[in-house]
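Secondary and tertiary structure notes
What follows is the residue order along each chain.
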Amino acid sequence: MHARWSLLGIVLAAWPSAAAAQPPDAVAALRAELAELRRQYEESLARLERRVADIEAENAALREVAAATAPEPPVVAAPAPQTAPAGDAAMTSSYWNPAMSVIGNFIGVAGNAGDADPLPSAELSESEIALSAVVDPYARADLFLAFGEEGVEVEEGFVTLTALPANLLAKVGRMRAGFGKVNTLHFHSRPWPDQPLPVVNLLGGDEGWIGTGVSLAGLLPLPADTFSEATLQVFGGSSELFEATERSDLAYNLHYRVFRDLGDASNLDLGLSWAQGPNGVTASSDTRLWGLDATYRWKPLQRGLYRGTVLRGEVYRSRRDAPDAVQHALGWFTSADFQLARRWSTGARYEWSERADDETLHDSGPAVTLTFAPSDFLQLRGEVRRRDFAEGDTATELLLQLQFAIGAHGAHPF
Amino acid sequence: LLSVLALASVPSATGAAAATAKMRIVTTLQDLSSIAAAVGGDRVDTFALAKGYQDPHFVDAKPSFVLQLSRADLLIVAGLELEVGYLPPLVDQSRNAEIHPGARGYLDASRGCDVLQRPSGPVTRAMGDVHPQGNPHYWTDPANGRVIARAIAARLAELDPDGKAAYERGLAAFDSELDRKEKEWDQKLAPWFGTKVVSFHNSWPNFAKRFRLDVVGHIEPKPGIPPTPSHTLEIIQLIERERIPLILVEPYFDTKTPKYIAGKTGATVVTLYPSVGGTEEITDYFALFDVNVDALVAALEGRR
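Residues numbered from 1 in each chain as written. Chains lettered and ligands numbered in written order. Predicted model: local features only at pLDDT ≥ 70, side-chain atom pairs only at ≥ 80, totals over all residues. Heavy atoms only, no water.

All names here are of chain B. Strand order in this open sheet of 4 strands is β2-β1-β3-β4, and the pairing throughout is parallel. The open sheet has two edge strands with one neighbour each: β2 (44-48) and β4 (106-108). Neighbour-to-neighbour, the strand axes of this sheet turn through a mean angle of 20°, independent of strand direction. Summarising the sheet, strand β1 (residues 23-27) and β2 pair through 5 bridges and their orientation is parallel. Opposite Thr27, over in β2, you have Ala48 as the bridge partner. Sheet strands touched by helix α2 (residues 30-40): β1, β2 and β3 (74-77). Its angle to β2, the strand with the most contacts, is close to 175°. (Pairing = 2+ DSSP bridges. Helix = DSSP H or I, 4+ residues; strand = E, 2+ residues; numbered from the N terminus. Axes fitted to C-alpha atoms, helices over the stretch in contact; angles between N-to-C directions. Contact = heavy atoms within 4.5 Å.)

This next bit is on unusual backbone geometry. Most peptide bonds take the trans configuration, and most residues that are not glycine carry a negative phi. Residues and elements named next belong to chain A. In the Ramachandran plot, Ala166 falls in the positive-phi region, its phi being about 60° despite a non-glycine side chain. When you line up the elements, Ala166 lands in the loop between β5 (151-161) and β6 (168-176). You can call Ala166 exposed: its relative accessible area is 66%. A positive phi angle, near 55°, is found at Asn167, a position not held by glycine. With respect to the secondary-structure elements, Asn167 resides in the loop between β5 and β6. (Buried < 20%, exposed > 50% of the residue type's maximum accessible area, 1.4 Å probe, protein only.)

Once that is clear, we can look at helix α10 (residues 285-302) of chain B. All names here are of chain B. Its 18 residues place the ends of α10 26 Å apart at the C-alpha level, agreeing with the 26 Å of an ideal helix rising 1.5 Å per residue. Among the 18 residues in α10, 13 count as buried, and that is most of the element. A distance of 3.2 Å separates the backbone nitrogen of Phe286 from a side-chain oxygen at the start of α10, and that oxygen is part of Asp284. (Expected span 1.5 Å × (residues − 1). Polar contact = N/O pair within 3.5 Å; in protein donor to acceptor, adjacent residues only side chain to side chain.)

What follows is the structure, given as structure tokens:
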């Protein structure tokens, strides 16, 4: 086959130079002959193409049969192995390794912190190591270790039971509580380098509410393709948010989420939360929390790489029992984030929150962000924020954040 | 506790497929839905997560997709890590053990297909967003479409044995229509075999191999990295040096840089659709090639 092609090629390549030497009337004849030759050449080429295509299809079929009869590669873990295709002997052992990724989080801070606890000027804070793999046909496991300069802690570590009956999904272990929306997000999925004030003041501090226990989530059918999910979480009584005086004191969280597409380009995500747990002031005193969260997203799919808007808002209410007085504290934030170009996005936020243990004090302030993401794996973000604290002082700060992701490609946050 | 829950889940896994209604197929791409619909006919309902006009690498993991997946009998994915950014959490939340990787209701359409550009050496992200298992845009070769159709027919027959004959008929009809169409596409493109082109993203190795286009460069300096001035200049020089007539752009990329390059070089910008649904006319897998082949021919003839 090849010999014939190359022969034809040589003939065709040689032809024009030969033709140039002929007298003019012979040229026309030669041209005709050349055209005829070219036609034949193209015809046979097309025929050969077809044969090659047929053979390729046949080969593909054979490969398919071979693939179908060959043993399945071991667990095709959710984030598939990073390494070479199946059959590479040196790589077989890595199939059983969990998918691993590291998300680094460097923060630099400048400005006037007022009398508030100043953030360090530069810190590699809360970098995350994630390990995840499918355990067996019924479960997967995820472990998220948060590394700060001062040590390591388990941010989350849980098993998800994915094969339960009755549309249930269970998680067992340590996890971010499903209270509101922002509290469930890891730092790299949040649109800001910090936590909004209502999380800090009412949900236990900068890290938010993380509990250890069991979570059970069921789908509740609603008409017209509306997603609706109810989650019940039962955690041990002590965390950054709650404090148990006895082992039998537990913390509870109920979350109900409704999500609906408003067309291909936009959707609405609503959540209602209720939580209760011991606050440790007395043996029987507790704190109850109510929350409402709403997220509206707009992303024109065809221009999705370049444009998008996310509007968020959350309101929390905290009722903290204490022997002298019951504290009713309210907190909320609202934010808007816009993607401006493939690599650029910007956002604004306003936050206002009373303090859980003293309803007469409240902190508030605006913030704006600008984000530059050269790739999916690297992101630079600047935030200018002002916080007016209840004590009367004001902090105006610039937070610069650099995030990088290495290792297995994780899912994009939603 | 774990083992009790695990045991409790077993009956649901076996009972789910017993439905007498249509087979519910969820695919990640509209291309796969189109092929599944051609094979399955009126025995199946299909739903595609990604729209043909959006970048298939960047699909949002919307809870509404969880709902679709929770009801699915069969999930068909393109594989090769194309869906790594959104599918795993959706499948985990689907509560549908039948569609997890490794289960009968999970079909990786890339298996058995002719997949190109598998990196042979070490892979790092300095190369951009590379796919270590090969280029995932393989369905743009009709020969792979055939392989996918066969795999779908086989899997459907396994999940729904009563429909075996119907699926075989569907497959045969798909095959012969593809035969007829392939001759037509070949005939149209034959005069242009060997044409050199530049494409925005590296989406076309299979299409180019099948229809003898020569993709000599990409507007993205590396996969997933947007155009840079220095690389754009290199592409302009390449187009001028090699007299490249066409710049192929997927419908979801900004045409600013391609148009700028076209303005500098005289090359023609052609929107080529990687997927069914890329534009309204592309209603099925055959129309995908119809539209792309016609667009190529029209652009090339327009330059004569």
